Amino acid sequence: MQYAWYHTQFSKLNLSLVLLNTGYEFEKTIGNLEIDYKQTFGTYLSVKEKKWETNFGAYGQTGKSTDKKVSAWYAGAFLGYAVTNTFKAGLGYEYLSGKNQNDSSSDIKSFSPIFGTNHGFNGFMDYFYVGNHQNSVGLQDAYLKLNYTSNKWQFT
């Protein structure tokens, strides 16, 4: 695995860029091990301004996996507002590309949130959307988040 990560802040805007190259070994034929490389790249932007917070992320995947071409992407956005000091509300939407069930090509079009990162994304849909993403139909996740904090308790 090789990666490059850059993070900076412009006033209230946070910007992160990532480039990730991961190699996966697979058995092409009995006793013949090969390595394919998949690249994940993208950006994450976030802003907090008084009672408002927002973020946007967009990532792509390309390369090869188990001798198949990879072409997948992810996009997500969130807008939140602190109604009071203890109550926050927000709207979000995430899209992970997928493969149509009628698609007979061998290409991988399903975005794979590698290294178990999907819990940080997908609202609470990751409880249902974990495991092998290689030929999944993808995910569209529109969500409303409500958060109430009192003393050391937090309800979401």
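For the structure itself, consult the block above.
Quick summary incoming for the structure in this document. (Residues numbered from 1 in each chain as written. Predicted model: local features only at pLDDT ≥ 70, side-chain atom pairs only at ≥ 80, totals over all residues. Heavy atoms only, no water.)

**Some points on the nonpolar core**
Core analysis: the biggest nonpolar cluster contains 6 residues, these being Y59, A72, Y74, L96, F111 and L139. Residues in contact with Y59, not counting those within four places in the same chain, are V18, F41, G42, T43, Y44, A72, W73, Y74 and F111. (Core = buried A, V, L, I, M, F, W, Y, C linked by side-chain atoms within 4.5 Å. Buried < 20%, exposed > 50% of the residue type's maximum accessible area, 1.4 Å probe, protein only. Contact = heavy atoms within 4.5 Å.)

**Some details on the pattern of salt bridges**
The tally for this structure, following the rule as stated, stands at 4 salt bridges. In this structure, K28 engages D67 in a salt bridge whose closest nitrogen and oxygen atoms are separated by 3.2 Å. Taken as a pair, K28 in strand β2 (residues 13-29) and D67 in the loop between β4 (52-65) and β5 (68-82) lie far apart in primary sequence, 39 residues in all. One salt bridge connects K109 with D103, and the closest N-O pair in it is separated by 2.5 Å. By relative accessible area, which is 24% here, D103 ends up partly exposed. Among the charged side chains, a salt-bridge network with shared partners connects K28, K64 and D67. (Salt bridge = Lys/Arg side-chain N within 4 Å of Asp/Glu carboxyl O. Helix = DSSP H or I, 4+ residues; strand = E, 2+ residues; numbered from the N terminus.)

**Notes on unusual backbone geometry**
With a phi close to 50°, K50 is a non-glycine residue in the positive phi region. Examined against the element boundaries, K50 turns out to sit in the loop between β3 (32-49) and β4. A positive phi angle is found at T66, which is not glycine, with a value near 45°. Locating T66 in the fold gives a position in the loop between β4 and β5.

**Remarks on the packing of aromatic side chains**
Applying the stated criterion to the full structure yields 6 aromatic pairs. Between Y59 and Y74, the aromatic rings sit 6.1 Å apart at their centres with planes inclined by 40°, giving tilted as the arrangement. Here Y59, found in strand β4, pairs with Y74, found in strand β5; they are 15 residues apart in sequence, far enough to count as distant. The residues Y59 and Y74 share a single accessibility class, namely buried. Ring plane angle 35° and centroid distance 5.9 Å describe the contact between Y74 and F111, whose orientation is recorded as tilted. You can see Y74 sitting in strand β5 and its partner F111 sitting in the loop between β6 (87-96) and β7 (139-150), a full 37 residues away along the chain. One exposure class covers both Y74 and F111, and it is buried. (Phe/Tyr/Trp six-rings, centres within 6.5 Å; stacked < 30°, edge-to-face > 60°.)

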